[in-house]
Amino acid sequence: MRYQRRVYSLPEALHDELVAALHARGALGFEVDETLAVGAVGGTRVRLTAWLTEPPPVGFDAFDLETDGWLTRGVRELERASLDEQDWLAPYRARSRPLALGGGFVVDPRDPEEIDGADDPEAGDPIAAPGRRLAIPAQNAFGTGSHETTRLVVAWLLALGRLEALDVLDVGTGSGILAFVAERLGARSILGVDLDRDSVITARANAHRNRCRPRLAVATLDALRPAPSVDLALVNVLPERILDAYPHLLRLLRPGARIVSSGNLATQRSSLLARFAALGLKAVGEKVDGEWVAWLLESRGETR
């Protein structure tokens with residue numbers, strides 16, 4: 001398999017917005033690897049690398065910096081190259097360190113076969129609480145816990161407290177990290193679903209690695225049994241990729257069930273809350289991290 005690498009120069013303030021746009025069009029992953037200029041006109045500029053399949057996903061056929069307005073906002077394409085398949089994340093794993101996820105959870109993105117598995121306080125590694133250290137080596141699937149949207153969901157899980165009486169659905173499970181956190185917090189059952197087969201394969205390997213036992217499946221929401229069976233849904237997915245599937249999700253929820261919705265840009269707050277309201281959902285709580293916002297949603301009891 002071959003891949004395509006596209007490299008952009010852009011104002012640092014546009015980083016999250018451009019990543020969200022490219023991810024929505026099918027980009028596999030990103031790396032910010034260099035500050036190009038500090039204090040330049042328009043502020044600090046950074047170098048963003050996006051990785052795609054070769055040929056690129058269909059969504060990229062129509063992506064154009066000029067027609068989509070990115071050019072006038074200071075985004076420039078520096079490079080476009082085709083490359084053979086390789087372990088792109090090996091250098092990242094080699095230099096990465098464990099990171100705090102919140103609530104005593106610590107995620108280690110390194111390859112477990114290359115380390116002794118211990119955190120090093122002298123190197124600045126966070127110390128995990130008992131039972132809350134997760135080995136999630138960086139793979140093609142998203143979700144090593146380093147992104148704000150993942151941490152926001154964990155913050156909501158911690159705020160909700162023990163989950164013993166709850167059946168949890170993790171929508172877009174990726175590498176499985178949120179399913180594992182829910183299990184460690186005592187959820188009665190966890191089902192993680194994803195559209196991407198490779199993500200589910202990765203999640204299953206991570207589950208074995210961390211001695212977790214969620215059910216994991218390649219599935220769409222409309223393919224799941226429609227009988228209400230979910231008390232808490234975790235949706236860490238960009239809204240443009242999931243909102244149209246919300247009617248299927250709502251049919252899976254038991255009365256009184258709640259949804260944690262993450263992956264939302266704060267700049268889209270008003271329009272997204274209006275979309276949720278039209279679905280009969282009300283935001284009863286909000287958490288913000290940088291440019292991202294996550295809501296706790298509850299049904300208002302209206303007709304969907």
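Anyway, here's the lowdown on the structure attached to this text. Since this is a predicted model, take the numbers as computed values, not measurements. (Residues numbered from 1 in each chain as written. Predicted model: local features only at pLDDT ≥ 70, side-chain atom pairs only at ≥ 80, totals over all residues. Heavy atoms only, no water.)

Let us now look at the environment of alanine 187. Tracing the chain through its elements places alanine 187 in the loop between helix H4 (177-184) and strand E9 (189-194). The exposure class of alanine 187 is buried, given its relative accessible area of 11%. Sequence separation between alanine 187 and valine 168 is 19 residues, and the spatial gap between their C-alpha atoms is 6.8 Å. (Helix = DSSP H or I, 4+ residues; strand = E, 2+ residues; numbered from the N terminus. Buried < 20%, exposed > 50% of the residue type's maximum accessible area, 1.4 Å probe, protein only.)

The next thing to look at is empty space enclosed by the protein. Taken as a whole and judged by the stated rule, the model has one cavity of 30 Å³ or more. Roughly 40 Å³ of internal volume is contained in the largest cavity. Along its surface, the largest cavity is lined by Val235, Val237, Pro239, Ile242, Leu243, Tyr246, Ser261, Ser262, Asn264 and Phe276. Within the residue set of the lining of the largest cavity, elements represented by two or more residues are helix H6 (239-242) and strand E12 (253-265). Broken down by element, the residue count for the lining of the largest cavity peaks at three residues, all from E12. Split by residue class, the lining of the largest cavity holds seven nonpolar, three polar and no charged. (1 Å grid on protein atoms, 1.4 Å probe; cavity = no way out; pocket = protein on both sides within 12 Å on 5 of 7 lines; lining within 4 Å. Points joined across faces, edges and corners; volume = space filled by probe spheres on them. Nonpolar A, V, L, I, M, F, W, Y, C, P; charged D, E, K, R; others polar.)

With mixed pairing, seven strands are arranged side by side in an open sheet as E10-E9-E8-E11-E12-E14-E13. Looking at strand neighbours, the two that pair on one side only are strand E10 (215-218) and strand E13 (281-289), the edges of this open sheet. Between one strand axis and the next, the sheet turns through 15 degrees on average, direction left out of account. Direction of pairing for strand E11 (residues 230-236) relative to E12: parallel, over a ladder of six bridges. Bridge pairing in E12 places alanine 233 opposite isoleucine 259. This element, helix H5 (residues 197-209), spans E9 and E10 of the sheet and lies at about 165 degrees to E10. Contacting E12, E13 and strand E14 (292-299), helix H8 (residues 269-278) runs over the sheet at an angle of about 20 degrees to E14. (Pairing = 2+ DSSP bridges. Axes fitted to C-alpha atoms, helices over the stretch in contact; angles between N-to-C directions. Contact = heavy atoms within 4.5 Å.)

This next bit is on the pairing of strand E1 (residues 2-11). Within E1, eight of the 10 residues are buried, which leaves it mostly tucked inside the rest of the structure. As paired elements, E1 and strand E4 (residues 76-84) share eight bridges and run antiparallel to each other. Bridging across to E4, arginine 6 finds its partner in arginine 80. Sheet topology note: the E1/strand E3 (residues 45-53) ladder contains nine bridges and is antiparallel. Looking at E3, one finds that proline 11 is bridged to arginine 45.

Remember, this is a structural readout, not a statement about activity or role.
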